[in-house]
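# Fold and geometry: a report
Listed below, chain by chain, are the residues.
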Amino acid sequence: MNTMLIRERYKVVRVLESDAQYACVEAVDIQERETPSRLVNLYEGALLHRYGRICTAIDPAECPSLRGMFLTGETLSVVFDDCGGTPIDQVFHRGDAWPWRQRLEWAGRLLHRALELANLPPEAACAALLSDNVLLDVGAKQVRLRFLLRPLPELTARELVLLAGDQVKKILPRRWNSLEAQLDFLEELDAGVFRSIVPLYARWREAEAAIRAEREAYEKRTFVGRGLQLLRLRLRRLRKGRGQR
């Protein structure tokens, strides 16, 4: 089998995605001493011109993972650093046993990374927040975003907020012992009240402090006290829900 090289520099290791006008490959940069791993997004046809505009609008200062882009014949190649980690859906899922303090830390890390995407074109920012591109390094306590930029429809900054909210809800799910501050924040995410990632992040800073304080006070209660608090909370929210109908 012949080795595939892109521009005599990127040795293809495997194909991650392939479609009629798009492909993404994992490659190693053989011109670098450490032969680091790269992601090469390849666009042809109508996608060439569209993603040429999108990727040209990415400021490298806002996206250090971007390594460059170039045209070879009728193919546009856009190169990013690759990153390791476990997809978020394999780390936070139904039945997981993460302690609440660690959940708050991970939610904060994720929203901080989402905030860093604010100035990127929405098509690039949103692609990086798709579930298979949100990679968690549990040992290093890092959220890593993979820039496998599969083609997406035209998007706005609003979609970035919705995607960030969807990922946060995996980390902070509604459970039988969820308390009011967390439930209020999740309801705001569900209602789509945030128009961009900046006000969402600002609201998160407030919500995180409230969730932490409420949970710490809850843990100081007796077993019976906790049960009564949860019962009062459920009754209050039930009445609230009926009043909004």
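Scroll up a little and you will see the structure.
Everything quoted here is computed from the prediction, not taken from an experiment. (Residues numbered from 1 in each chain as written. Predicted model: local features only at pLDDT ≥ 70, side-chain atom pairs only at ≥ 80, totals over all residues. Heavy atoms only, no water.)

## Observations concerning the overall build of the chain
Of regular secondary structure, the chain possesses eight helices and nine strands. Seen through its principal axes, the chain has C-alpha atoms that stretch 70 × 35 × 30 Å. Relative to its full complement of 245 residues, the chain shows a buried share of 43%. Within the chain, contacts between residues separated by at least 24 positions form 61% of all contacts whose residues are at least 6 apart in sequence. As displayed, the chain has an accessible area near 13300 Å², and 52% of this comes from carbon and sulfur atoms. For the chain, the distance from the average site of its 39 positive side-chain charges to the average site of its 33 negative ones is 9 Å. (Helix = DSSP H or I, 4+ residues; strand = E, 2+ residues; numbered from the N terminus. Buried < 20%, exposed > 50% of the residue type's maximum accessible area, 1.4 Å probe, protein only. Contact = heavy atoms within 4.5 Å. Areas by Shrake-Rupley, 256 points an atom, 1.4 Å probe, with all protein chains shown as cover. Lys, Arg positive; Asp, Glu negative; His and termini not counted. Charge placed at Lys NZ, Arg CZ, Asp CG, Glu CD.)

## A word on a nonpolar patch on the surface
Where nonpolar side chains cluster on the molecular surface, the patch consists of F223, V224, L228, L231, L235 and L238 and spans about 620 Å² of accessible area. Relative to the elements of secondary structure, L238 occurs in helix α8 (residues 223–243). Judged by its relative accessible area of 41%, L238 falls in the partly exposed class. (Patch = residues over 30% accessible without salt bridge, like charges linked within 9 Å, V, L, I, M, F, W, Y side chains within 5 Å. Salt bridge = Lys/Arg side-chain N within 4 Å of Asp/Glu carboxyl O.)

## Some details on the nonpolar core
Within the largest apolar cluster, 61 residues are counted, with the highest numbers of intra-cluster contacts made by L117, L129, L200 and W204. In terms of residue count, helix α3 (residues 100–116) provides more of this core than any other element does, seven residues in total. With residues up to four places along the chain from it excluded, the contact list for L129 reads A114, L117, V134, L145, L160, L163, A164 and Q167. Ranked by size, the runner-up nonpolar core spans ten residues in total, among them I6, V12, V40 and F70. (Core = buried A, V, L, I, M, F, W, Y, C linked by side-chain atoms within 4.5 Å.)

## Some details on the sheet that holds strand β8 (residues 134–137)
Overall, antiparallel pairing links the three strands, which are arranged β7-β8-β9 in an open sheet. In this open sheet, the two edge strands, each paired with only one partner strand, are β7 (86–87) and β9 (142–145). Taken together, the four bridges between β8 and β9 define a ladder with antiparallel strand orientation. Along β9, the bridge assignment pairs V134 with L145. Here α3 sits on the sheet and contacts β8 and β9; the angle it forms with β9, its principal contact strand, is near 35 degrees. (Pairing = 2+ DSSP bridges. Axes fitted to C-alpha atoms, helices over the stretch in contact; angles between N-to-C directions.)

## Thoughts on the pattern of salt bridges
Within the structure shown, the criterion is met by 26 salt bridges. With a closest N to O distance of 3.5 Å, R9 and E32 form a salt bridge. Of the two residues, R9 sits in the loop between β1 (5–6) and β2 (10–18) while E32 sits in the loop between β3 (22–29) and β4 (37–43), which places them 23 residues apart along the sequence. The residue E180 makes a salt bridge to R236 at a minimum N-O spacing of 2.9 Å.

## Here's the deal with the side chain of E26
Inspection of the secondary structure puts E26 in strand β3. Only 2.6 Å separates the side chain of E26 from the side chain of R14, close enough to count as a polar contact. Among all residues touching E26, those that are not within four sequence positions of it are K11, V12, V13, R14, L16, S37, R38, L39 and D82. (Polar contact = N/O pair within 3.5 Å; in protein donor to acceptor, adjacent residues only side chain to side chain.)

## Topic: helix α6 (residues 180–191)
Along an α-helix, residues three or four apart share an orientation, since each turn contains 3.6 residues. End to end, α6 covers 16 Å across twelve residues, agreeing with the expected 16 Å (1.5 Å per residue, within 8%). Looking at α6, one finds that the buried residues are A181, Q182, L183, F185, L186 and L189. Just downstream of α6 lies G192, where phi reads positive at about 65 degrees. (Expected span 1.5 Å × (residues − 1).)

## Details of helix α5 (residues 157–171)
In this model, α5 (15 residues) spans 22 Å end to end at C-alpha, consistent with the 21 Å of a helix rising 1.5 Å per residue. Of all the positions in α5, only L160, V161, L163, A164, G165, Q167, V168 and I171 are classed as buried. Check the buried side of α5 and you find it contacts α2 (88–91), α3, α4 (122–128), β8, α6 and α7 (197–219).

## Side note on the pairing of β4
Counting buried residues along β4, six of its seven residues qualify, which places the element largely inside the surrounding structure. Judged from the seven bridges that link them, β3 and β4 form a sheet pairing that is antiparallel. Across the sheet, the residue bridging to Y22 is Y43, located in β4. Direction of pairing for β4 relative to strand β6 (residues 75–81): antiparallel, over a ladder of six bridges. The partner of L42 across the bridge, within β6, is S77.

## Structural notes on the packing of aromatic side chains
Under the definition given, this model contains eight aromatic pairs. Here the aromatic rings of W98 and W106 are separated by 6.3 Å at their centres, their planes lie at 75 degrees, and the arrangement is edge-to-face. Of the aromatic side chains, those joined through ring pairs into one cluster are Y22, Y43 and Y51. Note that R109 overlies the ring of W106, its terminal NZ or CZ placed 4.6 Å from the centroid. (Phe/Tyr/Trp six-rings, centres within 6.5 Å; stacked < 30°, edge-to-face > 60°. Lys NZ or Arg CZ within 6 Å of the ring centre and 35° of its normal.)

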